[in-house]
Amino acid sequence: MKGQQTALDVALEQLKIAAEKLKLDSGIHEMLKYPKRSLIVSITIRMDDGSIGVFKGCRVQHWDARGPFKGGIRYHPNVTLEEVTALAMWMTWKCAVVNIPYGGAKGGICCNPKEMSKNELERLTRRYTSLILDYIGPYRDVPAPDVYTDAQTMAWIMDTYSQFKGYSVPECVTGKPISVGGSEGREEATSRGVIICAREAAKRVGLSFKDATVAVQGYGNVGWNAAKIAHDMGCKIVAVSDSVGGIYCQEGLNPYKVYEHKLKTGSVVNYPKCKDISNEELLETECDILIPAALENQITGANADKIKAKIVAEGANGPTTPEADKILHEKGIFLVPDILANAGGVTVSYFEWVQNLTREHWTLEEVNRKLENIMMRAFNDVYSLMEREKEDMRTAALMLGIGRVSEAIKILGLWP
Ligand code: NAD
């Protein structure tokens, strides 16, 4: 990891900043520093070669004052309980920023999915689901995809949960394939929200969005869909990257062709007529809009002053440290923070849950129209608060989210 701070250090520092600005009750501040429940599990499965594989996993439920827990599940070799705790906390604020009735959670398994077969991943997912089964469910905690998990993973979770219950429970998980109750538009939703925010930010800084140059770090679900949607809206994608490295092309890349190349070769690098660049160089690329869409702690005190973009729209969770936030703000870069920019994913997950509970299926147009409304309202709420309080966008978004959660906690009171 670059920089000194862990994701949890960053999340706690952000909470402290917002708590001071909001003059939050010290007891509520203390409550919000810790998750309500953290479950650690040991997942043992039969590997394809006959050996026993033992993997560490967890599910962290931060706060549910505004509704059931909600949050993704991450499969990655560097997953730790601390990281998942930070991600769960950010989910609590995020759901409150877009004003949907959920609390924040996150899950993770420390594994390397790139080195595992599909059968091993299925056994891992099913065993993990069985271990957290008593703590998830449509009215308790609703998982969704995150890094290196996808619609297939969610289908396995739904099936395992349903097998235990004895009947089909599509509303226990979101981000499912459409054939088993997934929502239209869910796969692209996070990226659509990121691009809506980038478009609104462009208006605020006087930049013509349809002629903007864009660099995207990470070419998974969020990164590739963001590049595609921005390209379709007229932007020029000048650089993209993944865990192997990046590519740069001043004339602009066709994201669809880059995606095909990644499917064929396993990475975006070595794409014809492009310059190969490192992930560090990608972040420092000359461009109008930078979209970090990979992991945490990418823009730090060490490289923030080298960022040349006019707008940073955070597709990833926690890509920028508080030290870097200050530097970007001083440089006049318009930052759309993660808990606003990437909230489109959980918003359409909420739509999926509502559709499942009511046994409805909405059209793509309906989903996208409702998503646009929620993202616009959230962007404007954060922007107005930023202007009113004379803060930066991150602080304003944290104040909005944490303020709403603390209000809910106060109204509910303490039991017993
Ligand atoms: P993904 O697994 O689909 O893709 C991750 C991408 O990041 C891959 O292209 C991978 O190669 C790349 N990557 C991994 N390590 C990297 C590194 N060190 N440097 C550069 N690239 C690297 O995951 P995703 O769902 O697209 O999630 C990406 C980010 O967006 C995460 O921070 C996640 O928490 C956040 N997010 C995802 C969703 C969602 O709906 N999937 C919603 C909100 C936020």
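A quick note: this is a predicted structure, and the numbers were derived from the prediction, not measured.

S.K.: Hey, could you go over the sheet that holds strand β4 (residues 103-110) for me, with residue numbers and the actual values?
M.R.: Strand order in the open sheet made by the five strands is β1-β2-β4-β3-β5, with mixed pairing throughout. One side of each edge strand has no neighbouring strand; the edge strands of this open sheet are β1 (37-46) and β5 (141-145). Between one strand axis and the next, the sheet turns through 25 degrees on average, direction left out of account.

S.K.: Describe in detail the sheet that holds strand β12 (residues 334-336), supporting the description with residues and values.
M.R.: Pairing is mixed in the open sheet, where seven strands are placed in the order β9-β8-β7-β6-β10-β11-β12. Here the strands that pair on one side only, and so sit at the sheet edges, are β9 (275-277) and β12. Neighbour-to-neighbour, the strand axes of the sheet open up by a mean angle of 20 degrees, direction not taken into account. Against the sheet, helix α6 (residues 186-205) contacts β10 (289-292), β11 (311-313) and β12, and its axis sits at roughly 160 degrees relative to β11.

S.K.: So what's going on with the packing of aromatic side chains? Which residues, and what values?
M.R.: Per the stated rule, a full pass over the model turns up eleven aromatic pairs. Where Y102 meets Y350, the ring centres are 5.9 Å apart and the plane angle is 90 degrees; that geometry is what we call edge-to-face. One end of the pair, Y102, is in the loop between α3 (81-97) and β4; the other, Y350, is in helix α12 (residues 344-358), with 248 residues separating them in the sequence. Of the residues examined, Y102 reaches a relative accessible area of 1% and is grouped as buried. Summarising the aromatic geometry, the rings of F379 and Y383 are spaced 6.2 Å apart at their centres and angled 10 degrees between planes, so their arrangement reads as stacked. Here the residue F379 and the residue Y383 both occupy positions in helix α13 (residues 364-389), the gap between them amounting to four residues, near one helical turn. Judged by its relative accessible area of 1%, F379 is buried. Through successive ring pairs, a cluster of aromatic residues spans Y102, Y350, F351, W353 and W362. Stacked on the ring of Y102, the Lys or Arg K70 has its end atom at 5.9 Å from the ring centre. The side chain of R204 reaches across the aromatic face of Y383, ending 4.3 Å from its centre.

Each value, and the rule that gives it
- Every chain's residues receive numbers from 1 upward, in the order its sequence appears when written.
- The model is predicted, so local features are restricted to residues of pLDDT at least 70 and side-chain atom pairs to those at 80 or more, both for listing and for counting; the totals for chains, interfaces and linings are taken over all residues.
- Excluding hydrogens and water, the side-chain values take into account all heavy atoms of the structure.
- Strand pairing is assigned whenever DSSP detects at least two bridges linking the two strands.
- To qualify as a helix, a DSSP run of H or I must reach at least 4 residues; to qualify as a strand, a run of E must reach at least 2; elements of each kind are numbered from the N terminus.
- Geometry is summarised by axes, namely lines fitted to C-alpha atoms with helices restricted to the contacting stretch, and by angles between N-to-C directions that run from 0 to 180 degrees.
- Contacts are residue-level and defined by heavy atoms, with any inter-residue pair within 4.5 Å sufficient.
- Centres within 6.5 Å make a pair out of two Phe, Tyr or Trp rings, where for Trp the six-membered ring is used; the pair is then stacked when the planes are under 30 degrees apart, edge-to-face when over 60, and tilted otherwise.
- The cut-offs for exposure are 20% and 50% of the maximum accessible area for each residue type, with area from a 1.4 Å probe on protein chains only; residues under the lower value are buried, those over the upper are exposed, and the others partly exposed.
- To sit over a ring, a charge needs its Lys NZ or Arg CZ within 6 Å of the ring centre and within 35 degrees of the ring normal.

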